[in-house]
Amino acid sequence: MSRRPFIAGNWKMNKGPRDADALAVELKRLLADHAAADVAVAPPFVSLPAVIARLQHSGVAVAGQDLHPEVSGAFTGAVSGEMLAQAGCRYVIVGHSERRSLFGDTDATVAAKLRAAYRAGLLPILCVGETLAQRDAGQAQDIVAGQLATALAGLPLDQVLQLTIAYEPVWAIGTGRTASPAQAQEMHAGIRAWLSARYPREVPATVRLQYGGSVTASNAAGLLSQPDIDGALVGGASLTAESFRDIVAAAG
Ligand code: PEP
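In this report, the structure presented in the accompanying data block is examined. None of the values given here were measured: they were computed from a predicted structure.

Concerning the site of the ligand
And step 1. Taken together, 14 residues surround the ligand, and among them Lys12, His96, Glu168, Gly174 and Ser214 come closest.
And step 2. Within the backbone of glycine 235, a nitrogen or oxygen atom sits 2.8 Å from an oxygen atom of the ligand.
And step 3. Against a free-state accessible area of 290 Å², the protein chains account for coverage of 95% of the ligand.
And step 4. Across the shell around the ligand, the residue classes tally to 4 nonpolar, 8 polar and 2 charged.

Set out below in structure tokens:
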């Protein structure tokens with residue numbers, strides 16, 4: 001079964017409503033003809049309304065960068081999946097390494113957020129990945145397997161089938177240091193094998209695996225041509241419409 005490529009741009013804490021709208025205008029123009037891949041962008045919460053309005057009928061979906069596990073309540077500063085869905089988001093990023101390392105999200109928090117995403121009717125992009133110290137210690141596969149095991153424990157099959165998993169080695173995020181296509185493929189094959197060992201064949205055949213970590217217009221083709229890499233989660237290079245367009249073009 002061939003999986004449709006999926007490119008997502010994580011704008012992180014960049015682009016307030018005015019700048020986000022300007023970038024969305026450019027994306028709408030440059031990505032008018034991107035039929036070969038699914039595309040999404042994840043602006044900061046405050047910019048979601050502007051971007052969602054601008055990208056209507058463009059075929060570019062919008063994602064939240066994070067969500068709180070609860071539906072509503074006294075959680076100052078937080079945004080729930082239900083709120084993201086009501087705003088018009090289709091996807092949400094869960095477990096990004098910056099949430100894990102800077103905001104204290106544990107594997108258990110990530111699991112709760114994943115369930116909250118499905119509860120709200122959002123499609124989650126689950127981020128996993130090892131640090132440099134873990135890779136140097138030969139633990140990369142085990143760390144990623146552990147993150148997957150906690151996040152997916154008890155998840156019903158229909159939800160697992162809708163999952164996107166982004167493998168993002170922490171040492172490659174925002175560092176300009178990219179995993180080589182062979183390194184990335186090795187981990188993606190490992191993730192697919194992990195899925196194969198636990199679920200019916202349709203799961204590893206269906207679930208899309210994105211690579212993330214300093215993806216640029218110049219290295220995208222090499223990464224995306226690997227058999228188990230179905231797309232990319234792009235940080236810095238998604239902040240410029242032309243480079244994001246070139247990455248989308250490399251996918252299809
Ligand atoms: C990310 O934050 O998901 C990411 C991959 O960032 P960058 O592309 O800037 O390394």
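Moving on from the model shown.
Comments concerning the packing of helix H7 (residues 140–152) against helix H9 (residues 181–198)
And step 1. Here H7 crosses H9 at 40°, and the two axes come no closer than 11 Å. Comparing their axes, H9 and H7 come out oblique. Judged by the sense of rotation from one axis to the other, the crossing of H7 with H9 is right-handed. Where H7 abuts H9, its residues Ala140, Gln141, Val144, Ala145, Leu148, Ala149 and Leu152 lie against Glu186, Met187, Gly190, Ile191, Trp194 and Leu195.
And step 2. Residues belonging to the contact of H7 with H9 are distributed by class as follows: 10 nonpolar, 2 polar and 1 charged.

Quick word on the packing of aromatic side chains
And step 1. Per the counting criterion, the structure on display carries 2 aromatic pairs.
And step 2. Between arginine 99 and the ring centre of phenylalanine 103, over which it is positioned, the NZ or CZ distance is 3.8 Å.

Definitions and limits used
Residues numbered from 1 in each chain as written. Predicted model: local features only at pLDDT ≥ 70, side-chain atom pairs only at ≥ 80, totals over all residues. Heavy atoms only, no water. Near = heavy atom within 4 Å. Polar contact = N/O pair within 3.5 Å; in protein donor to acceptor, adjacent residues only side chain to side chain. Areas by Shrake-Rupley, 256 points an atom, 1.4 Å probe, with all protein chains shown as cover. Nonpolar A, V, L, I, M, F, W, Y, C, P; charged D, E, K, R; others polar. Axes fitted to C-alpha atoms, helices over the stretch in contact; angles between N-to-C directions. Helix = DSSP H or I, 4+ residues; strand = E, 2+ residues; numbered from the N terminus. Parallel < 35°, antiparallel > 145°, perpendicular 65-115°, else oblique. Left-handed = near helix turned anticlockwise from the far one by under 90°. Contact = heavy atoms within 4.5 Å. Phe/Tyr/Trp six-rings, centres within 6.5 Å; stacked < 30°, edge-to-face > 60°. Lys NZ or Arg CZ within 6 Å of the ring centre and 35° of its normal.

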